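Residue strings, one per chain:
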Amino acid sequence: MTAASKLFQPIRVGRMNLKHRIVLSPMTRFRANKDHVHGDLALEFYTQRASTPGTLLITEATAIHPHAAGMPNIPFIYTDEQINAWKRVRSCVL
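Just so it is clear, the structure is predicted and the values come from calculations on it, not from any experiment. (Residues numbered from 1 in each chain as written. Predicted model: local features only at pLDDT ≥ 70, side-chain atom pairs only at ≥ 80, totals over all residues. Heavy atoms only, no water.)

**A word on helix α1 (residues 40-49)**
Using the following cut-off: Partly exposed describes any residue whose relative accessible area lies between the buried limit of under 20% and the exposed limit of over 50%, with all areas from a 1.4 Å probe on protein chains only and scaled to the type maximum. Put simply, DSSP H or I for four residues or longer makes a helix, DSSP E for two residues or longer makes a strand, and each gets a number counted from the N terminus. The directions considered for the arc are those from the helix axis to the C-beta atoms. Residues are treated as being in contact if the distance between any of their heavy atoms lies within 4.5 Å.
Of all the residues in α1, the buried ones are A42, L43, F45 and Y46. With its buried residues spanning 165° around the axis, α1 presents them on a single face. Tucked into the core, α1 has its buried residues touching β3 (23-24), β4 (56-57) and α2 (80-93).

Next up, the structure:
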């Protein structure tokens, strides 16, 4: 691919101005703890991928209730601890 490829050209998606057209797709990584709370691995992962300004990241699937998912170590977002963990991730990528 050349630098003139559309892949590396800016695009507007909704209210966001992206500097290129490469997007991190949602992938479950099974890196939350046994209580389904994201930790430092998630912070590092998303921070690395957000290091280029104008990059769109779509996070992994996130369960909203204990009965909504049956896999170990996937992130949930229904307890205060889980919500605060996602807030930490969000603050690292903005």
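Alright, that's what it looks like, and here's the rest.
**What to know about the nonpolar core**
Put simply, the rule reads: As used here, the term nonpolar core means buried Ala, Val, Leu, Ile, Met, Phe, Trp, Tyr and Cys residues forming a set that is joined through side-chain atoms within 4.5 Å.
Counting nine residues, the largest nonpolar core consists of L24, A42, L43, F45, Y46, A50, L57, W86 and V89. Elements with a minimum of two residues in this core: α1 and α2. Examining the composition of this core, we find that four residues originate from one element, α1, more than from any other.

**Looking at the pattern of salt bridges**
What counts is decided by this rule: Any Lys or Arg side-chain nitrogen located within 4 Å of an Asp or Glu carboxyl oxygen qualifies as a salt bridge.
This model, assessed by the stated rule, comprises three salt bridges. Between E60 and R29 there is a salt bridge, with its nearest N and O atoms 3.3 Å apart. With E60 in the loop between β4 and α2 and R29 in the loop between β3 and α1, this residue pair connects regions lying 31 residues apart in the sequence. Take E60 and R29: they sit in the same class, and that class is buried.

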